[in-house]
Each structure stands twice: as C-alpha cells, then as structure tokens.
Amino acid sequence: MRTKPPCVTVARCLWIALAFAVASACSGRPAGRLVDPASVVKSPVPWPTAAIAPPRARPRILVLWMNETKIANGSDWRGRAITSTNVASLELRTESFSFVAQSHGFGDFRFDQRVLDMIPFYKRHFLLHVVARNAAGDKDEWLVPIEFR
C-alpha cells in the first residue's frame, strides 16, 4: 500500500483548518449595535440636537426613529436620525436594498419612502443596517429588525 508524504497530509489539514476559520468568520453576528424595534418607533420629545464633533472623530448615531418597523405594501415609511455633526452620510441597507437618507443640516438625516407592491420573496424579516460614516470612512452602525408584510 502506498502512503502519501507527510507534507501533503499537513497541507491538506491546513487548508481544511483555513476553510473552517473563514466560514466561521463569515457566519458570525454582524458588527453593530442591535436595537430593539420597539424603541425605534417612539419619537423622542424634545428632539435632541446633533453632537458637535471634529471631522476625524468617530461618527455616532445618537437617536434613530422610524414610523414603522412592520412595513406594509402601499405604506409610507419615514425615518429620522440625529448623529454627531461629522457624519457625512447615513445609509440604510439590507441584503436586498440600500438607500441614503437626505441630510437636513449637520447631524440631521431623514428619509421618506413609498413602499410599492412587493413580490412575495420580499415579504419577510430583514436586519436593517443603519450606517453613519464620516468623511474618513469610519462608521457607527445600528442594526434594527424590520419586517415587510
């Protein structure tokens, strides 16, 4: 019986270990702060003001509000976020869609989307990534469970 040289067996073991390491890294929990959907639909009174921050400071999301986290066909989905003043963009995304909220001044971002008729595949739960970035590309990320009905 012919045996393989030890270097082939060791190399194969290293490749298998590397594959498991990559798979576990990809399947981990997404980075970001998980936010309770019930807290997002409560509008703060009074609205806070943006936190003043220098351009290179770490961006921060201070408050996030959405009119709904269970969004139905034909509804209007609105939201607002107050951030630090150095936030250059606020992106809202899932694995199926992405858009950028409009800036209404330093640290004040809003969105208003009309939800059209969706195909059945999109009527499900999503994890919404709300990503605030400064000009250097640093980010603060909040994760909000939402559902399209």
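Whatever comes next refers back to the structure up there.
This is a predicted model, so every value here is computed, not measured. (Residues numbered from 1 in each chain as written. Predicted model: local features only at pLDDT ≥ 70, side-chain atom pairs only at ≥ 80, totals over all residues. Heavy atoms only, no water.)

Moving on, we get to the environment of F109. Structurally, F109 can be placed in strand β8 (residues 108–114). Measuring from C-alpha to C-alpha, the distance between F109 and A132 comes to 9.9 Å, with 23 residues separating the pair along the chain. The contacts of F109, once residues within four sequence positions are left out, are G79, R80, A81, T83, V87, A88, S89, L90, A101, Q102 and S103. (Helix = DSSP H or I, 4+ residues; strand = E, 2+ residues; numbered from the N terminus. Contact = heavy atoms within 4.5 Å.)

On to the layout of surface pockets. Over the atoms a probe the size of a water molecule is rolled, and this reveals where empty space is left. For the largest pocket, the calculated volume is near 260 Å³. Every residue along the wall of the largest pocket is listed here: W77, S96, F97, F99, Q113, R114, V115, L116, M118, Y122, F126 and F148. Residue composition of the lining of the largest pocket, grouped by class: nine nonpolar, two polar and one charged. (1 Å grid on protein atoms, 1.4 Å probe; cavity = no way out; pocket = protein on both sides within 12 Å on 5 of 7 lines; lining within 4 Å. Points joined across faces, edges and corners; volume = space filled by probe spheres on them. Nonpolar A, V, L, I, M, F, W, Y, C, P; charged D, E, K, R; others polar.)

Considering all chains together, one arrives at eight salt bridges under this definition. Two residues, R58 and D140, come together in a salt bridge whose shortest N-O distance is 3.6 Å. Highlighted residues: R58 in the loop between α2 (37–40) and β2 (61–66) and D140 in strand β10 (residues 139–148), separated in sequence by 82 residues. A cluster of three or more residues bridged by salt bridges with shared partners is formed by R80, D108 and R110. (Salt bridge = Lys/Arg side-chain N within 4 Å of Asp/Glu carboxyl O.)

Before going further, it helps to spend a moment on the pairing of strand β4 (residues 76–83). Summarising burial for β4: six of the eight residues are buried, a large majority. Relative to β4, β2 runs antiparallel, the two being bridged by five bridges. Of the residues in β4, the one forming a bridge with V63 is I82. Bridge analysis of β4 against β8 gives seven bridges, and the strand direction is antiparallel. Bridge pairing in β8 places A81 opposite F109. (Buried < 20%, exposed > 50% of the residue type's maximum accessible area, 1.4 Å probe, protein only. Pairing = 2+ DSSP bridges.)

A few words on the environment of F121. Positionally, F121 belongs in the loop between β8 and β9 (125–134). By relative accessible area, which is 53% here, F121 ends up exposed.

The next subject is the pairing of β10. Most of β10 is tucked away, with eight of its 10 residues classed as buried. Where strand β1 (residues 33–34) meets β10, two bridges bridge the pair, whose relative direction is parallel. Looking across to β10, one finds that R33 is bridged to W142. With two bridges connecting them, strand β3 (residues 70–71) and β10 associate as parallel partners. Its bridge partner lying in β10, K70 is registered against E147. Sheet topology places β9 next to β10; nine bridges connect them, and they run antiparallel. What sits directly across from H129, in β10, is L143.

None of the figures reported here should be taken as evidence of function without further support.
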